[in-house]
Structures are given as structure tokens and as C-alpha cells.
Amino acid sequence: IGLIDLIKEVDFIENRALNSNGYAYGGAYSTSNTSSNLQTKVNNMQDVLFRGNYASASYDTADQVAAYGGAIYNYSQIGKISGHFIDNYAENKQGISSAQGGAIHNAVAGSNIGEISAEFVGNYATSAGGAASGGAIWNAGVISLNNSTFSNNSVVGAADTTTDGGAIWNSGTVRFVGTNTFSG
């Protein structure tokens, strides 16, 4: 098990995860246990900036591709996140699958983000061939939002597909603490 105790005052700017024949995970940062049962946990991301990061998937021969988490893909545990998520996106350029979580993709029931105190501005999920969901956050695990602000986040899907959750798409648990603001 890998553990990162603190990521403090770090700017993640214009990073990308690209895959031309499959899935793209976390444009700037990814915690995962998908490949060899190696788990990475982060205790605290404090005063971080994620701006202009993206996960982009397309295909040459695969029919199904997807992009997950323009800034962060979490398949494990993150204790706290504070900071700003600005203009990040998840993009599926081709294929029949989806784009999920313009800023954050909290992947499965066991994924947990203990507390998020952040500003989410202009993040989006877009898919040319399938559904798009969670303009700012896509959540299937557990997250807690504490005094967060969401403005002008969006989703755009292909014709005859679903587009859900301009700010948040949720099939897990979201806890709202303090004052959280949604606009745009």
C-alpha cells in the first residue's frame, strides 16, 4: 500500500491522460488499485490548484472507450481536498462509451474522499459517441462536500444518449456540510 501524507500548495496545470484505443484515467492525478492490487492513499491535498487538466479517450479498433476524471481519478482513498478545480474536462472523442467527471471521478463503492472544500468552475464532461455525466464530480463511492462552490460546470453527450449532473452525478453517498453553493 502506498501512502502520500500531504500534497500542499501544488499547481497541477494542463496535464493529460490520453488513450487512443481504450480508457483514460485522471488527467493530473490517479489513485488506483486496478493493476496489481497496489493501492495508493492520500491523506491530504491542501490548497491545490487543478486547472486545464483532461482525460481524453478515442479509439482505433476498440468499440468501447471512456474518459474518467479530467483532474483526479480516485479508485482508493483521499482524506481531504481543498483548493480550486478550474476548466478541467473528461472527453470521449469516439466510441460508444462515456465521459465521466470533468474534475473528479470517484470510481467505485469502496472509493472515499473524506472532505472536499473547493471551488469548481467551468469543468465539463463531453462525449461524441455516448453519455456524459458529472460535469464537476462523478461519484459512485462516498464524498463529503464542505463549503464548496460549483459554477458553470456542464455535460454534453451524443444525440440520443443521456447527459446527467451538470455539477454532480451520484450513485453513491454525498454528504453536504456547511454552505455549498451551486450556480450557472
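Shown above is the structure to which this text applies.
This write-up is about the structure you can find in this document. Predicted model, so just to flag it, every value in this text is computed and none were measured.

Some thoughts on the overall build of the protein
So, step 1. Looking only at helices and strands, the protein features 0 helices and 24 strands.
So, step 2. Radius of gyration (C-alpha) of the protein: 15 Å, near the 16 Å computed for a compact globule of 184 residues.
So, step 3. Counting only C-alpha atoms, the protein reaches 40 × 40 × 30 Å along its principal axes.
So, step 4. Within the protein, the fraction of its 184 residues that count as buried is 49%.
So, step 5. Counting contacts in the protein only where the partners sit at least 6 residues apart, residues at least 24 apart contribute 79% of the total.
So, step 6. Taken as a whole, the protein presents about 8000 Å² of accessible surface, with 44% of it coming from carbon and sulfur.
So, step 7. With 7 positive and 13 negative side-chain charges, the protein shows a separation of 8 Å between the mean positions of the two kinds.

Overview of the side chain of Asn74
So, step 1. Locating Asn74 in the fold gives a position in strand S9 (residues 72-74).
So, step 2. A polar contact of 3.1 Å, which involves the side chain of Asn74, links it to the backbone nitrogen of Ser76.
So, step 3. Filtering out sequence-adjacent residues up to four positions away, Asn74 remains in contact with Thr31, His105, Asn106, Ala107, Ser111, Asn112 and Ile113.

Quick word on the nonpolar core
So, step 1. In this structure, Met45, Ile72, Phe85, Ile104, Phe120 and Ile137 are the most contacted members of the largest nonpolar core, which totals 26 residues.
So, step 2. Residue assignment for this core shows that the elements contributing at least two residues are strand S6 (40-51), strand S10 (77-86), strand S14 (112-121) and strand S18 (142-146).
So, step 3. Those residues within four positions of Ile137 in sequence are excluded, and the remaining contacts are Gly101, Ile104, Ile116, Phe120, Ile143, Leu145, Phe150, Ala167, Ile168 and Trp169.
So, step 4. One finds Ala57, Ala67, Ala125 and Val155 within the second-largest nonpolar core, a separate group that totals 11 residues.

Remarks on the sheet that holds strand S11 (residues 89-92)
So, step 1. Here 5 strands make up an open sheet; going across it, the order is S3-S7-S11-S15-S20 and the pairing parallel. Only two strands of the sheet have a single neighbouring strand rather than two, namely strand S3 (16-19) and strand S20 (154-156). Pairs of neighbouring strands in the sheet enclose a mean axial angle of 5°, with direction left out of account.
So, step 2. Taken together, the 4 bridges between S11 and strand S15 (residues 124-127) define a ladder with parallel strand orientation. Following the sheet pairing, Glu91 is matched in S15 by Thr126.

With respect to the pairing of S14
So, step 1. Alignment of S10 against S14, held across 9 bridges, turns out to be parallel. When the sheet's bridge partners are listed, Ser82 is paired in S14 with Ser117.
So, step 2. Across 3 bridges, S14 lies against S18 in parallel orientation. Looking at S18, one finds that Ile116 is bridged to Leu145.
So, step 3. Note that S14 and strand S19 (residues 149-151) share 3 bridges and pair parallel. Across the sheet, residue Glu119 finds its bridge partner in S19, namely Thr149.

Calculation criteria
- Residues numbered from 1 in each chain as written.
- Predicted model: local features only at pLDDT ≥ 70, side-chain atom pairs only at ≥ 80, totals over all residues.
- Heavy atoms only, no water.
- Helix = DSSP H or I, 4+ residues; strand = E, 2+ residues; numbered from the N terminus.
- Rg over C-alpha atoms; globule rule 2.2 N^0.38 Å.
- Buried < 20%, exposed > 50% of the residue type's maximum accessible area, 1.4 Å probe, protein only.
- Contact = heavy atoms within 4.5 Å.
- Areas by Shrake-Rupley, 256 points an atom, 1.4 Å probe, with all protein chains shown as cover.
- Lys, Arg positive; Asp, Glu negative; His and termini not counted.
- Charge placed at Lys NZ, Arg CZ, Asp CG, Glu CD.
- Polar contact = N/O pair within 3.5 Å; in protein donor to acceptor, adjacent residues only side chain to side chain.
- Core = buried A, V, L, I, M, F, W, Y, C linked by side-chain atoms within 4.5 Å.
- Pairing = 2+ DSSP bridges.
- Axes fitted to C-alpha atoms, helices over the stretch in contact; angles between N-to-C directions.

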